2 protein chains.
Amino acid sequence: MITQKEPGESLMERMRAQGVRITPQRALIAELLENARDHLDADSVYRLARRTDRGIHRATVYRTLATLKRLRLIDELDLMHVEGERHFYEVRPSTLHIHLVCLSCGSVQEPEGRFWESMKGKVFRETGFKPEIVRLEMGGRCSKCRTGKKKATKVRGN
Amino acid sequence: MITQKEPGESLMERMRAQGVRITPQRALIAELLENARDHLDADSVYRLARRTDRGIHRATVYRTLATLKRLRLIDELDLMHVEGERHFYEVRPSTLHIHLVCLSCGSVQEPEGRFWESMKGKVFRETGFKPEIVRLEMGGRCSKCRTGKKKATKVRGN
DNA sequence: CTAACTGCAAACCTTTTGCATTGAC
DNA sequence: GTCAATGCAAAAGGTTTGCAGTTAG
């Protein structure tokens, strides 16, 4: 769901365009992030990367994620901490979307739309604050968990 | 700024109403959270609490914050991690507001308004997801930092 | 009185850092 | 060839937990 390929360049091409030195490790991490079916946290990236490169080090993963974040090529998410204190990452999407995290089953929905996009302009017009990064996460109950059994599978506080 | 007193009961009264055992430590922590002028993180709560109760323990602070969070009496914020990985807390406000975190100076604005409140209904109507906790944080540049000197005081990635 | 809470200390988990070596451009 | 990135290991930072003693209701 998070992998609607950007029309433009790949993450690696954009890294190169930003003047970042392309190492095999970075290329691998970029590819993993782009092809991920779910949101990955640092440890997931590390374990996936090790399938291809046995020697890759955790520190390299962290450093690469930090670089990508600094270049605004990926966004960092907390997903309401339903899964502990990990941070998750996604390739920065072209249109703003929000994350609906079900506190019962842990599923994450990502509705898109003009409505969310309009928030940035509204904030700027009303406060003079120029938003660059938007993180909108809602915790609650997805329709399945609400209509189905009341007993939640995996209730989390926040 | 975050202390517009709720019309209803105090945080401690609401804890009691929820069946939580009121200890001096919990009463103290609740009072600190309610009277805080800024957003507090766990360590700030701990240090403030120690001014009154020398013997209070960090673990008690963490456990009380977790309890309040579970009861939905306080909300947890990350404030875009401009200050590291700490979590900040605020007494759950009656009206939804958003947090605008300046990546240059670290200031936090909290505009309120119907617009943000309307997001919950919109999400529910369009997706069937019932939002309980909303966390909307934007990172960017506040008007001062944009109009003033271009060199930021304290630039942070995200 | 008793279940729930506290203080304590140790563990835990994720992330960061200094340094010598390796490698991209 | 040179500067930047990697692997390594150690430390940092923030949070959690098991346990024995204490206390609110």
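Conventions we followed
- Residues numbered from 1 in each chain as written.
- Chains lettered and ligands numbered in written order.
- Predicted model: local features only at pLDDT ≥ 70, side-chain atom pairs only at ≥ 80, totals over all residues.
- Heavy atoms only, no water.
- Near = heavy atom within 4 Å.
- Polar contact = N/O pair within 3.5 Å; in protein donor to acceptor, adjacent residues only side chain to side chain.
- Helix = DSSP H or I, 4+ residues; strand = E, 2+ residues; numbered from the N terminus.
- Nonpolar A, V, L, I, M, F, W, Y, C, P; charged D, E, K, R; others polar.
- Contact = heavy atoms within 4.5 Å.
- Buried area = accessible area lost by both parts, 1.4 Å probe.
- Salt bridge = Lys/Arg side-chain N within 4 Å of Asp/Glu carboxyl O.
- Pairing = 2+ DSSP bridges.

Colleague: Talk me through the protein's contact with DNA strand D; I want residue IDs and the actual numbers.
Modeller: Around DNA strand D sit 19 residues, and of these Thr23, Gln25, Thr60 and Arg63 of chain A together with Tyr62 of chain B come closest. Backbone atoms, meaning sugar and phosphate, make up 68% of the atoms of DNA strand D lying within 4 Å of the protein. Between Gln25 of chain A and DNA strand D, the recorded distance is 2.9 Å, taken from a side-chain N or O atom to a sugar or linking oxygen. Between DNA strand D and Ile22 of chain B there is a distance of 3.1 Å, counted from a phosphate oxygen to a backbone nitrogen or oxygen. Those elements that provide at least two residues to the surface near DNA strand D are helix H2 (24–35) and helix H4 (58–70) of chain A together with helix H4 (58–70) of chain B. Considering only residue class, the surface near DNA strand D consists of seven nonpolar, six polar and six charged.

Colleague: Report on the interface of chain B and chain A, specifying residues and quantitative values.
Modeller: Across the boundary between the two partners, chain B contributes 42 residues, which contact 43 residues of chain A. Both sides together, the interface formed by chain B and chain A hides about 3800 Å², and carbon and sulfur atoms give 62% of it. Between chain B and chain A we count two salt bridges in total. Here Glu132 of chain B makes a salt bridge to Arg141 of chain A, at a shortest N to O gap of 3.2 Å. Viewed at the interface, chain A and chain B are joined by 16 residue pairs in polar contact (both at pLDDT 80 or more). At the level of secondary structure, the elements contributing two or more residues to the side of chain B that touches chain A comprise strand S4 (99–102), helix H5 (114–127), strand S6 (130–141) and helix H6 (143–147) of chain B. Among the elements that line the side of chain B that touches chain A, the one with the most residues is S6 of chain B, at 12 residues. Of the residues that constitute the side of chain B that touches chain A, the class distribution is 19 nonpolar, 11 polar and 12 charged. By the bridge criterion, 11 bridges tie strand S6 (residues 130–141) of chain A to S6 of chain B in an arrangement that is antiparallel.

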